[in-house]
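Architecture and fold: a report
Now for the letters of each chain:
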Amino acid sequence: MTQRVAVVTGAQGGLGESMCKALCQQDRQVVGSYLPGQEAEAKQWQSTMKEAGFDVAVYPLDVTDYDHCCTFISKVEEEVGPIDILVNNAGITRDGPLKRLQPEQWRAVIQTNLDSMYNMSQPMFEAMCNRGFGRIVNISSLNGEKGQFGQANYSAAKAGIYGFTKAIALEGARKGVTVNAVSPGYIDTPMVRQVPENVLNAIVEGIPVGRLGQPEEIARAVTFLTADDAGFITGTNLSVNGGQYMS
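I will try to describe carefully the structure that is included in this document. (Residues numbered from 1 in each chain as written. Predicted model: local features only at pLDDT ≥ 70, side-chain atom pairs only at ≥ 80, totals over all residues. Heavy atoms only, no water.)

Looking at the packing of aromatic side chains
Filter applied, for reference: Stacked, edge-to-face and tilted are the three classes for Phe, Tyr and Trp ring pairs, Trp counted by its six-membered ring, which pair at centre distances within 6.5 Å; planes under 30 degrees apart are stacked, over 60 edge-to-face, the rest tilted. Strands here mean DSSP runs of E at least two residues long; helices mean DSSP runs of H or I at least four residues long; both are numbered from the N terminus. The buried label goes to any residue with under 20% of its type's maximum accessible area, the exposed label to any with over 50%, and the partly exposed label to all in between, with areas taken from a 1.4 Å probe on protein chains only. Charge-over-ring contacts are defined here by two conditions on Lys NZ or Arg CZ: a distance within 6 Å of the ring centre and an angle within 35 degrees of the ring normal.
One pass over the structure, following the stated rule, counts two aromatic pairs. Arranged with centres 6.1 Å apart and planes meeting at 90°, the rings of Y59 and F72 form a pair that is edge-to-face. Pair noted here: Y59 is in strand β3 (residues 56–60) and F72 is in helix α3 (residues 66–79), with a separation of 13 residues, a long-range link. Like Y59, the residue F72 is buried in the burial classification. The interplanar angle of 20° and the centroid separation of 5.6 Å between the aromatic rings of Y66 and Y118 together place this pair among those described as stacked. You can see Y66 sitting in helix α3 and its partner Y118 sitting in helix α4 (residues 103–131), a full 52 residues away along the chain. Against the face of F133 rests R4, its NZ or CZ located 3.6 Å from the ring centre.

Okay, here's the thing in structure tokens:
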């Protein structure tokens, strides 16, 4: 059987890279996106991945721009093949308590973390349904489930992913297209490691399993939901947070 094509947005981050590796190991033909203007960094990342045994194609993508997403999808399908798997992973933070949260901080996070779900999923959804197979995984967050001080924008965007996931899961269910969410807790990535040590220690103390998660543990959840034989799992959220929030 021809390799299924999998797209991961925000591929170069700690989570995105682990997802790309895991999907390669799942025998997918993986495509990762990078921000326009960062071609040199993306090519270096691609080369490093290839040296490690992971062959990932890279393309520029602005997930906040619907037309750019359509162009990206058309180019990938022309040069690589029809997209069977989409992991909506791209995301940003622009933190601040509500009393100081500026409109541009709100818009940037909503556009990148929530609008991107529509911008990427809508242009390829009908084709997935017509082919009778599709796997969409939307990366949400622990803080979309429970909220977080100083993250009204981020928590709102990540919570909105659940409604989007459930709605389009219903639309794709009889067409062989599953749509699910994964909600990571605190994961051992370079970004988290930049948190002051005392704050990081307090975070770990609040995690019942007593440690940060590993990026590979999120990637494992993604490959579980994107497997060919995962067709009876749709419209759900898989929380991977070490027991920090149980719903």
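From this point, the narrative continues.
A short note on the sheet that holds strand β5 (residues 134–139)
Let me state the cut-off plainly: Think of it this way: DSSP has to see at least two bridges between two strands before they count as a pair. Geometry is summarised by axes, namely lines fitted to C-alpha atoms with helices restricted to the contacting stretch, and by angles between N-to-C directions that run from 0 to 180 degrees. Residue contacts are counted whenever heavy atoms from the two residues lie within 4.5 Å of one another.
Here we have seven strands laid out as an open sheet, ordered β3-β2-β1-β4-β5-β6-β7, and parallel in their pairing. Two strands bound the open sheet, and with one partner strand each, they are β3 and β7 (237–240). Across the sheet, the mean angle separating the axes of adjacent strands is 20° when strand polarity is ignored. Where strand β4 (residues 83–88) and β5 come together, four bridges link them in parallel fashion. Its bridge partner being in β5, V87 is matched across the sheet by V137. Packing of helix α2 (residues 39–51) onto the sheet brings it into contact with β2 (29–34) and β3, and relative to β3 it is tilted by some 170°. Across the sheet, α3 lies against β1 (5–8), β2, β3 and β4, angled at about 150° from β3, the strand it touches most.

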